[in-house]
Amino acid sequence: MQRIAILTSGGDAPGMNAAVRAATRSALARGWEVYGIHNGYAGLLSDTMNVLHARDVGGIIQRGGTVLGSARSPEFQQDAGVDQALSNLRARRIDALIVIGGNGSQSGSHRLQQAGFPVVGVSSTIDNDLVGTDVTIGVDTAVNVTLEAIDRLRTTGSSHQRAFLVETMGRNCGYIALMTGIAGGAEVIVTPEREVEPHEVVERLGAAYRRGKTHAIVVVAEGAKHGARAMMDHFKAHRAAIGFGLRLTTLGHVVRGGVPTAADRVLATRLGAAAVDRLATGTAGVMMGLIANAVAATPLAEIAGRTKPIDCDLLDLARVLAQ
Ligand code: F6P
């Protein structure tokens, strides 16, 4: 191994920079040359990359986002895109690639690996929906930013006897909603994995009001069948049964742009370095993740196209504790 390239892909996640730094410096320590590819697979297709030295990744460990830039690239999903990527990598005599990203990005890693090019993935997405890891880079920050928002909404909700509907990010996965709903003491948590019908949310809110609660939080994952907006429309028609005043807050991309927590920086550092260690063994085709607090490598073939389920027992616990 003499020369590797690194890219960050898909939705950015706080901690990606720490992973870029760790992978770059670990590779340099082995005497390898490192290329940073700009804007994910799009940059790989347009051959937009530059050599990274140790100083190029200095001062970035505490920064959210990704200094390499990121993108979603529909072109790379075509066979012609993979051919172009392989040709660009070979023209620069790059021996292997590290892909830092989530589900779609690791499916891309798998396609390149299947085409015969060595790739190691690093699990990174705020959604925490990747198989092959208990936790992904970025989710700890996203959960904490979301939770801070919920705490603030609870404060103002209490002053005004209001129920807040809070829509969280997470694509088709309810992990962020589940964790922040539990940590934020939500009255109701709605996830794609377990939906709660609007009329049932109305009943639960009304019951909470009658029990004398001064506020209520309903956390709705963005991928839920009845999204927060649809839920709000339903509530407007049933105001009297609810009791509380009602407000809706959609958090959106705000939670993705945070300064990475210590947990995300440490995780990213471990996984970035582990990706290089893995390449050094000559066995690519895996994604690095954390299982039972140990770094683990899972074959990309087992990851591509699959999503990790959330722990629905925790939803039952949250309901008991909302009494
Ligand atoms: O995958 C990360 C994520 O933030 C999801 O939670 C969200 O559904 C999606 O990306 C938003 O994508 P975009 O940044 O392209 O709008």
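About the thresholds
Residues numbered from 1 in each chain as written. Predicted model: local features only at pLDDT ≥ 70, side-chain atom pairs only at ≥ 80, totals over all residues. Heavy atoms only, no water. Domains from an automatic or database assignment. Contact = heavy atoms within 4.5 Å. Buried area = accessible area lost by both parts, 1.4 Å probe. Salt bridge = Lys/Arg side-chain N within 4 Å of Asp/Glu carboxyl O. Nonpolar A, V, L, I, M, F, W, Y, C, P; charged D, E, K, R; others polar. Core = buried A, V, L, I, M, F, W, Y, C linked by side-chain atoms within 4.5 Å. Buried < 20%, exposed > 50% of the residue type's maximum accessible area, 1.4 Å probe, protein only. Helix = DSSP H or I, 4+ residues; strand = E, 2+ residues; numbered from the N terminus. Phe/Tyr/Trp six-rings, centres within 6.5 Å; stacked < 30°, edge-to-face > 60°. Patch = residues over 30% accessible without salt bridge, like charges linked within 9 Å, V, L, I, M, F, W, Y side chains within 5 Å. Areas by Shrake-Rupley, 256 points an atom, 1.4 Å probe, with all protein chains shown as cover. Expected span 1.5 Å × (residues − 1).

Caption draft 1: Layout of the domain arrangement of the chain. By domain assignment, the chain separates into domain 1 (3–138 + 260–302) and domain 2 (142–257). In this structure, domain 1 and domain 2 have C-alpha centres spaced 35 Å apart. Listed per partner, the contact involves 10 residues of domain 1 and 10 residues of domain 2. Approximately 920 Å² of surface area, both sides summed, lies buried where domain 1 meets domain 2, with 51% of it carried by carbon and sulfur atoms. Viewed at the interface, domain 2 and domain 1 are joined by one salt bridge. R256 is the partner of D12 in a salt bridge, and the nearest nitrogen-oxygen pair spans 2.8 Å. Looking at the side of domain 1 that touches domain 2 residue by residue, the class counts come to two nonpolar, four polar and four charged.

Caption draft 2: Highlighting the nonpolar core. I4, I6, I98, I100 and I217 are the most contacted members of the largest nonpolar core, which totals 55 residues. Ranked by residue count, the leading element in this core is helix α10 (residues 262–280), at seven residues. Counting the residues that make up this core, at least three belong to each of domain 1 (3–138 + 260–302) and domain 2 (142–257). Contact partners of I217, with chain neighbours within four places excluded, come to I150, L153, R154, F164, V166, A186, E187 and V188. Formed by 20 residues, the second largest nonpolar core is a distinct cluster that contains L165, V188, V201 and F244.

Caption draft 3: Highlighting the packing of aromatic side chains. For the structure on display, the rule yields two aromatic pairs. Seen from their ring centres, Y209 and F244 are 5.0 Å apart, and the 75 degrees between their planes marks the pair as edge-to-face. One end of the pair, Y209, is in helix α7 (residues 198–210); the other, F244, is in the loop between α9 (239–242) and β9 (245–250), and 35 residues separate them in sequence. Assessed through its relative accessible area of 2%, F244 is described here as buried.

Caption draft 4: Layout of a nonpolar patch on the surface. A contiguous nonpolar patch, built from L317, V320 and L321 and spanning about 300 Å² of accessible area, is present on the exposed surface. Along the chain, the position of L321 falls in helix α12 (residues 313–321). By relative accessible area, which is 61% here, L321 ends up exposed.

Caption draft 5: Examining the pattern of salt bridges more closely. The tally for this structure, following the rule as stated, stands at 11 salt bridges. Salt-bridge contacts for K225 lead to E197; the nearest nitrogen and oxygen are separated by 3.3 Å. Here the residue K225 occupies a position in the loop between β8 (216–221) and α8 (228–236), and E197 occupies one in the loop between β7 (188–190) and α7, the gap between them amounting to 28 residues. Take K225: its relative accessible area is 55%, and that puts it in the exposed class. Put simply, R204 and E200 hold a salt bridge, and the shortest N to O gap is 3.1 Å. One end of the pair is R204 and the other is E200, both in helix α7 and four residues apart, which spans about a single turn. According to the relative accessible area criterion, R204 is buried, its value standing at 17%. Residue class for E200 comes out partly exposed when judged on its relative accessible area of 24%.

Caption draft 6: Spatial organisation of α7. Its 13 residues give α7 an end-to-end C-alpha distance of 18 Å, which sits within 8% of 18 Å, the value for a rise of 1.5 Å per residue. Taken residue by residue, α7 has P198, V201, V202, R204, L205, G206 and A208 as its buried positions. Looking at the packing, one finds that the buried side of α7 touches β6 (162–168), β7, β8, α8, α9 and α12. After α7 finishes, the residue G212 shows a positive phi value of roughly 95 degrees.

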